[in-house]
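# Fold and contact review
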Amino acid sequence: MIIIKSPEDIAKMRVAGRNARAICEALAARVSPGITTKALDDEAGELMRRQGVRSAFRGYRGYPGTVCISVNEEVVHGIPGSRRIAVGDIVGIDVGVLVNGFHGDTALTVMVGVTDPDVIRLVEVTKQALQAGIAQAHVGRRLSDVSHAIEKTAATAGFAVVRDFVGHGIGRQMHEEPQIPNYGPPGRGPKLLAGMTLAIEPMVNLGCAEVNMLDDGWTVVTRDRRPSAHFEHTVVVGATTAEVLTESGC
Ligand code: MF3
Ligand code: CO
Ligand code: CO
């Protein structure tokens, strides 16, 4: 069952969404050559304390970090640690918070002095794929219209979407129904209704679509170890457009 949120619920999700995005963008601004992913995670913890919000990730199925930081060949769910950011890296930052009983979940990929034109294009196309998906998230469309728009954007550019991980409904739970694949034919699945809240999150690979899980049980990497990009917004389905709840608000 897909839970439809009331206007009061959505107001709370707007707060959670803005908090998550503000932290995500603050971390993105701190990424520079030499910094460890653990230092970024510590900063996230400090920002959450200051805002009075909780990490939605820490302790989730035993996840040990405050946020997820996924570098280059790491697709998603990178555990912050001693890895140091280097010039030429792309860094995925995924932030989830719980505020007032509701979740916000958002991610972006930042480039650190990247000059490889294929990598720059990968990051830009993944961001466009998210926007293309969001553009379908309104009444009159079906769920797989979102999926299809994402896949089409990535595939047209010659990139492969990850199939083993998906977007999701979000609300009182971080992961609610429905699952939102980043691929598929249009016009299938449930009709989108006003008040559905969705975390749309394309993961796009430069090389092949296949991924592996590292021995830490969390970090997802590309099988060919070539780079992968990830962007995510939490949105609410509206009559003619989606509202992005994870907008920075300033
Ligand atoms: N934020 C991820 C998502 O987009 C989930 C993170 S899993 C966790 O769905 F364990 F790190 F919390
Ligand atoms: Co996320
Ligand atoms: Co998510």
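Above: the structure in question.
Residues numbered from 1 in each chain as written. Chains lettered and ligands numbered in written order. Predicted model: local features only at pLDDT ≥ 70, side-chain atom pairs only at ≥ 80, totals over all residues. Heavy atoms only, no water.

According to the stated counting rule, one finds 2 aromatic pairs in the structure shown. Seen from their ring centres, F57 and Y63 are 6.4 Å apart, and the 85 degrees between their planes marks the pair as edge-to-face. Geometrically, the ring pair formed by Y63 and W218 is edge-to-face, given 5.0 Å between the ring centres and 80 degrees between the ring planes. Taken as a pair, Y63 in the loop between strand 1 (54-55) and strand 2 (68-71) and W218 in the loop between strand 11 (211-213) and strand 12 (220-222) lie far apart in primary sequence, 155 residues in all. Comparing Y63 with W218, the two get one shared label, buried. (Phe/Tyr/Trp six-rings, centres within 6.5 Å; stacked < 30°, edge-to-face > 60°. Helix = DSSP H or I, 4+ residues; strand = E, 2+ residues; numbered from the N terminus. Buried < 20%, exposed > 50% of the residue type's maximum accessible area, 1.4 Å probe, protein only.)

Relative to the helices and strands, V125 resides in helix 3 (residues 117-134). Taking the relative accessible area as the measure of exposure, V125 reaches 7% and is therefore buried. Sequence separation between V125 and F159 is 34 residues, and the spatial gap between their C-alpha atoms is 8.7 Å. In this view, V125 contacts T153, A154, A157 and F159; residues no more than four positions away in its chain are not counted. (Contact = heavy atoms within 4.5 Å.)

It is the contact of helix 3 with helix 4 (residues 143-156), at a shortest axis distance of 8 Å, that shows an interaxial angle of 155 degrees. Classed by the angle they form, the pair helix 3 and helix 4 counts as roughly antiparallel. Every pair of crossing elements has a handedness; the one defined by helix 3 and helix 4 is right-handed. Residue-level contacts link V125, Q128, A129, A132 and G133 of helix 3 to V146, A149, I150, T153 and A154 of helix 4. Classifying every residue of the contact of helix 3 with helix 4 gives 7 nonpolar, 3 polar and no charged. (Axes fitted to C-alpha atoms, helices over the stretch in contact; angles between N-to-C directions. Parallel < 35°, antiparallel > 145°, perpendicular 65-115°, else oblique. Left-handed = near helix turned anticlockwise from the far one by under 90°. Nonpolar A, V, L, I, M, F, W, Y, C, P; charged D, E, K, R; others polar.)

Moving on to the pattern of salt bridges. Per the counting criterion, the structure on display carries 11 salt bridges. Of the charged contacts, one joins R58 and D41 as a salt bridge, the two residues approaching to 3.7 Å between their closest N and O atoms. Of the two residues, R58 is situated in the loop between strand 1 and strand 2 and D41 in helix 2 (residues 37-51); the sequence distance between them amounts to 17 residues. Classification of R58 as partly exposed rests on a relative accessible area of 45%. One salt bridge in this structure joins E46 and R49, with 3.2 Å as the shortest N-O distance. Of this pair, E46 and R49 both sit in helix 2, 3 residues apart, which is roughly one turn of the helix. When salt bridges that share partners are traced, they join E46, R49 and R50 into one network. (Salt bridge = Lys/Arg side-chain N within 4 Å of Asp/Glu carboxyl O.)

Turning our attention to the packing of helix 1 (residues 7-30) against helix 2. The geometry of helix 1 relative to helix 2 is characterised by a closest axis approach of 10 Å and an angle of 145 degrees between their N-to-C directions. Crossing geometry of helix 1 relative to helix 2 is assigned as right-handed. Residues N19, A22, I23, A26, L27 and R30 of helix 1 form the contact with helix 2, whose own contacting residues are L40, E43, A44, L47, M48 and Q51. Its residues assigned to classes, the contact of helix 1 with helix 2 comprises 8 nonpolar, 2 polar and 2 charged.

The subject of this paragraph is the coordination of the cobalt ion (ligand 3). Coordination of the cobalt ion (ligand 3) by the protein is provided by D105 (OD), H168 (NE2), E201 (OE) and E232 (OE), with metal-donor distances spanning 2.0 to 2.2 Å. Each of the 6 donor atoms bound to the cobalt ion (ligand 3) contributes to angles spanning 53 to 175 degrees, and the resulting shape is irregular. Between the two metals, the cobalt ion (ligand 3) and the cobalt ion (ligand 2), the spacing is 3.3 Å, and D105 donates to both. In this pair, D105 is assigned in strand 5 (residues 102-111) and H168 in strand 7 (residues 167-169), connecting sequence segments 63 residues apart. Side by side, D105 and H168 carry an identical accessibility label, which is buried. (Donors = N, O, S within 2.8 Å, 3.2 Å for Na, K, Ca; no water. Tetrahedral: all angles 85-135°; square planar, octahedral: opposite > 155°, others 65-115°.)

Coordination of the cobalt ion (ligand 2) by the protein is provided by D94 (OD), D94 (OD), D105 (OD) and E232 (OE), with metal-donor distances spanning 2.0 to 2.4 Å. Classification of the site at the cobalt ion (ligand 2) as irregular follows from its 6 donor atoms and the range of 57 to 164 degrees in their angles at the metal. In the primary sequence, the donor residues of the cobalt ion (ligand 2) line up as D-x10-D-x126-E. A relative accessible area of 8% means that D94 is categorised as buried. Since its relative accessible area comes to 0%, E232 is described here as buried.

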